[in-house]
Amino acid sequence: MHEARRHDRRSQSCVRELAMDFHDRAWSLIEDDRRSPDELLELVDLAHASRLLWRIAEPCSDSVEHLRAHQLVAIAAARAGDTHSAFAAARLAAGSEWT
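Within each chain, residues carry numbers counting from 1 in the order of the written sequence. Reporting of local features is limited, given that this is a predicted model, to residues whose pLDDT is at least 70; pairs of side-chain atoms are given and counted only at 80 or more, and all residues count toward the totals for whole chains, interfaces and linings. To obtain the side-chain values, all non-hydrogen atoms of the structure were included, while hydrogens and water were left out.

A.B. asks: Hey, could you run me through the pattern of salt bridges in this one?
C.D. replies: Should their charged atoms come close, side chains of opposite charge can pair. Salt bridges are defined as contacts in which a side-chain nitrogen from Lys or Arg sits within 4 Å of a carboxyl oxygen from Asp or Glu. Taken as a whole and assessed by the stated rule, the structure comprises three salt bridges. Measuring nitrogen to oxygen at the nearest pair gives 2.1 Å for the salt bridge that ties E58 to R16. With a gap of 42 residues between them, E58 in the loop between α2 (37–57) and α3 (64–79) and R16 in helix α1 (residues 2–31) connect regions that are remote in the sequence. Throughout this description, buried means an accessible area under 20% of the type-specific maximum (1.4 Å probe, protein chains only), exposed means over 50%, and partly exposed covers the range between. Here R16 falls in the partly exposed class, since its relative accessible area comes to 26%. Residue E42 pairs with R25 through a salt bridge whose shortest N-O separation is 3.0 Å. Linking E42 in helix α2 with R25 in helix α1, this pair joins segments that are 17 residues apart in sequence. Overall, the relative accessible area of 28% leaves E42 in the partly exposed class. Residue R25 is classed as partly exposed on the basis of its relative accessible area, which comes to 33%. A network of salt bridges, in which partner residues are shared, links R16, E58 and E65. Only runs of H or I of at least four residues qualify as helices and only runs of E of at least two qualify as strands under DSSP, and these elements are numbered from the N terminus.

A.B. asks: Whenever I open this one, the packing of α3 against helix α4 (residues 83–94) confuses me. Can you help?
C.D. replies: To describe two helices that pack against each other, one gives the angle between their axes and the distance between the axes. Where helices are involved, their axes are fitted lines through C-alpha atoms of the stretch in contact, as for all axes, and angles between N-to-C directions lie from 0 to 180°. For the pair α3 and α4, the least separation of the axes is 8 Å and the interaxial angle reads 160°. With respect to their mutual orientation, α3 and α4 come out roughly antiparallel. Handedness of the α3/α4 crossing: left-handed. Facing α3, whose interface residues are L67, H70, Q71, V73, A74, A77 and A78, α4 presents S85, A86, A89, A90, L92 and A93. Each residue is assigned to one of three groups, with Ala, Val, Leu, Ile, Met, Phe, Trp, Tyr, Cys and Pro labelled nonpolar, Asp, Glu, Lys and Arg labelled charged, and all others, Gly among them, labelled polar. Per-class residue counts for the contact of α3 with α4 are 10 nonpolar, three polar and no charged. Orientation labels follow simple angle bins: below 35 degrees gives roughly parallel, above 145 gives roughly antiparallel, 65 to 115 gives roughly perpendicular, and whatever is left gives oblique. Less than a right angle of anticlockwise turn of the near helix away from the far helix marks a crossing as left-handed, whereas a clockwise turn marks it as right-handed. Whether two residues are in contact is decided by their heavy atoms: any pair within 4.5 Å suffices.

Written out as structure tokens, the structure is:
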């Protein structure tokens, strides 16, 4: 049982690290004003992947990581011209206890 808990913590740590890596890469693309179409697609994919990983790593939906993930998806979608998804993600962020 002890070994299973240690493995779970190690897995959670890996998921968190990957979520942060995706988050950081997405922000670097957001800050680049000269994104290619492929980079824009990558940006949206990274934002969604980061949000999914935070949902796995942080079961509490009111964590600050969830707020940041919703904001990232909203900004990525807006940059991609997807206003519907941008507003949907922004509404999720606005509903957070952190706002």
